[in-house]
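# Coordinate inspection notes
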Amino acid sequence: MTGYRLYWKKGSGSMVVEAALLLAGLPYDDVRIEDAAGLRAPDFVALNPAGKVPVLALATGQVITESAAIILALDDEFPEKRLLPPHGAPARNTAVQWLIFMATNIYPAALRYYHPERHTADKSAEAAIRLKAGLDMDRDFAQLADAIEGPFLLGQTMTITDVYAAMLADWHRPALSLPEIATLVAEVLKNPAVSQAWRNHGFGE
Ligand SMILES: N[C@@H](CCC(=O)N[C@@H](CS)C(=O)NCC(=O)O)C(=O)O
């Protein structure tokens with residue numbers, strides 16, 4: 001193990017964690033989870049009882065789950081890498097605010113959209129759950145778009161919060177009809193580290 005170990009799955013939220021590791025230039029091993037069976041495998045469930053990616057194991061042996069928590073932990077450990085603005089800067093509060101907003105609103109709505117069957121025992125209700133999840137994401141992306149200074153959330157400097165937003169927009173393509181979101185995604189993808197994680201994870205396909 002070279003330091004970090006990222007447990008990841010194509011198309012999943014581990015994309016933003018891989019981007020963070022690459023942006024920060026941190027060496028890491030990776031363990032690819034292929035499918036639902038891999039998420040239920042005893043070794044993996046021992047790491048994350050929720051059976052979800054991303055999971056990041058630190059060299060210390062500590063295991064962190066939850067995409068936003070992982071990002072905050074990496075930024076805390078390597079503030080000089082500027083995944084987020086420095087502690088004490090007002091811009092940091094804004095970046096963290098929107099990171100948490102996305103992790104607690106848009107990400108769960110995307111999960112409801114793609115897995116409506118997890119939210120009802122009534123098959124006939126699934127379409128309505130999906131529709132509402134899509135509308136929820138439309139509303140939340142519009143709020144995010146209003147906050148974007150352009151081209152990135154905080155203006156000229158990209159943070160990992162922008163990468164998070166781009167990831168979610170790839171899951172909810174209607175968000176790209178908002179010019180602020182479309183511009184942010186295009187600018188984020190100009191970064192070689194981000195585009196590497198994006199491609200590795202099969203985003204944009
Ligand atoms: N709140 C978690 C959500 C993680 C999550 O739901 N990951 C999805 C992939 S994007 C997953 O592993 N799903 C597997 C499953 O639910 O079976 C986070 O932010 O990391």
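Structure first, text after, so check above.
If you're wondering where the values come from, they're calculated on a predicted model, not measured in any experiment.

On to the pattern of salt bridges, then. The full count for this structure, using the stated rule, is 11 salt bridges. In this structure, Arg 92 and Asp 75 form a salt bridge, with 2.7 Å as the shortest nitrogen-oxygen distance. Of the two residues, Arg 92 sits in helix α5 (residues 90-114) while Asp 75 sits in helix α4 (residues 67-77), which places them 17 residues apart along the sequence. Neither residue differs from the other here; Arg 92 and Asp 75 are each classed as buried. The shortest N-O distance in the salt bridge between Asp 140 and Arg 139 comes to 2.9 Å. For Asp 140, a relative accessible area of 3% translates into the label buried. Taken together, the salt bridges that share partners define one network made up of Arg 112, Lys 132, Asp 136, Arg 139 and Asp 140.

Lining the immediate environment of the ligand, one finds 13 residues, of which Val 53, Glu 66, Ser 67, Tyr 107 and Arg 118 sit closest. The side chain of Lys 52 places a nitrogen or oxygen atom 3.3 Å from an oxygen atom of the ligand. Arg 118 is positioned with one of its side-chain polar atoms (N or O) 2.7 Å from an oxygen atom of the ligand. For the ligand, whose free accessible area comes to 510 Å², the fraction covered by protein is 83%.

Here the focus is the packing of aromatic side chains. Per the counting criterion, the structure on display carries 7 aromatic pairs. Geometrically, the ring pair formed by Tyr 7 and Phe 44 is tilted, given 6.0 Å between the ring centres and 50° between the ring planes. Remark: Phe 44 occurs in helix α3 (residues 42-47) and Tyr 7 occurs in strand β1 (residues 4-8); sequence separation between them is 37 residues. For the pair formed by Tyr 7 and Phe 44, the shared burial category is buried.

What counts and what doesn't
Residues numbered from 1 in each chain as written. Predicted model: local features only at pLDDT ≥ 70, side-chain atom pairs only at ≥ 80, totals over all residues. Heavy atoms only, no water. Salt bridge = Lys/Arg side-chain N within 4 Å of Asp/Glu carboxyl O. Helix = DSSP H or I, 4+ residues; strand = E, 2+ residues; numbered from the N terminus. Buried < 20%, exposed > 50% of the residue type's maximum accessible area, 1.4 Å probe, protein only. Near = heavy atom within 4 Å. Polar contact = N/O pair within 3.5 Å; in protein donor to acceptor, adjacent residues only side chain to side chain. Areas by Shrake-Rupley, 256 points an atom, 1.4 Å probe, with all protein chains shown as cover. Phe/Tyr/Trp six-rings, centres within 6.5 Å; stacked < 30°, edge-to-face > 60°.

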